[in-house]
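# Commentary on secondary and tertiary structure
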Amino acid sequence: MEGSIENAIEFLKNDERATVTFSQGRFKSRVRKLAERYPEECEIVAENRDGSLCAHIPTKWIHINPPARRTESQREAARQRMLKMKQTDTKTGADFDFNVSEV
């Protein structure tokens, strides 16, 4: 199917390895980087004609995490910390470019 954006994770209970198939670019890039860094744990099995990537990864790498819920005051406190850190880094000559409006 052309233009498919299906992503799948498949493993059996108590298996140490899972088979993942990704069509979405950000996941394919992540798997490629992991395969380079951890070739003994992450194995790319196929890069299909439809553009999808199939790989084996450890099941320990699979996590389902909801995004953090922050109050407006928590977001503001984080923004202030980032501003302070940026100011400190500017004084020390470190080269950081943070967009604090997105924190």
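A brief structural summary. The written sequence of each chain sets the order in which its residues are numbered from 1. Whole-chain, interface and lining totals are the exception, using all residues; otherwise, since this is a predicted model, local features are given only for residues with pLDDT of at least 70 and side-chain atom pairs are given and counted only at 80 or more. Side-chain numbers come from the whole structure's heavy atoms, not from hydrogens or water.

### Here we look at unusual backbone geometry
Most peptide bonds take the trans form, and the phi angle of most residues other than glycine is negative. With a phi angle near 70°, N14 is a residue other than glycine that sits in the positive phi range. Relative to the helices and strands, N14 resides in the loop between β1 (7-10) and β2 (17-22). Taking relative accessible area as the criterion, N14 reaches 72% and is therefore assigned exposed. Put simply, DSSP H or I for four residues or longer makes a helix, DSSP E for two residues or longer makes a strand, and each gets a number counted from the N terminus. Type-normalised accessible area, obtained with a 1.4 Å probe on protein chains alone, sets the label of each residue: buried when under 20%, exposed when over 50%, and partly exposed for intermediate values.

### Quick notes on the pattern of salt bridges
The term salt bridge refers to a side-chain nitrogen of Lys or Arg lying within 4 Å of a carboxyl oxygen of Asp or Glu. For the coordinates displayed, the defined rule picks out four salt bridges. Among the ionic pairs, R17 bridges to E43, the shortest N-O distance being 3.7 Å. Linking R17 in strand β2 with E43 in strand β3 (residues 43-47), this pair joins segments that are 26 residues apart in sequence. A relative accessible area of 38% places E43 in the partly exposed class.

### Topic: the nonpolar core
Nonpolar cores are built from buried Ala, Val, Leu, Ile, Met, Phe, Trp, Tyr and Cys residues. Side-chain atoms within 4.5 Å join them into one set. Of all hydrophobic cores here, the largest spans ten residues; its members are A18, V20, F22, V31, L34, A35, C42, L53, A55 and I57. Among the elements of the structure, β2, α1 (25-37) and β4 (53-58) are those that each provide at least two residues to this core. Residue contacts for I57: discarding those within four places in its chain leaves E16, R17, A18, V20, E41, C42 and I62. Should any heavy atoms of two residues lie within 4.5 Å, those residues are counted as being in contact.

### Some details on the side chain of K28
Note that K28 resides in helix α1. Despite its burial, K28 remains without a salt bridge, the nearest opposite charge being carried by E47 at 6.6 Å. Leaving out residues up to four positions away in the same chain, K28 has contacts with F22, S23, G51, S52 and L53. Just so you know, the count uses Lys and Arg for positive and Asp and Glu for negative, and it drops His and the chain ends.

### Quick look at the sheet that holds β2
By definition, two strands form a pair when at least two bridges between them are found by DSSP. A sheet is described by the order of its strands in space; here four strands give the open sequence β1-β2-β4-β3, paired in antiparallel fashion. In this open sheet, the two strands that pair with only one neighbour each are β1 and β3. Recorded for the sheet is a direction-independent mean angle of 15° between the axes of neighbouring strands. With six bridges connecting them, β2 and β4 associate as antiparallel partners. Along β4, the bridge assignment pairs F22 with L53. A fitted line through C-alpha atoms serves as each axis, taken over the contacting stretch for helices, and the angle formed by two N-to-C directions is quoted from 0 to 180°.

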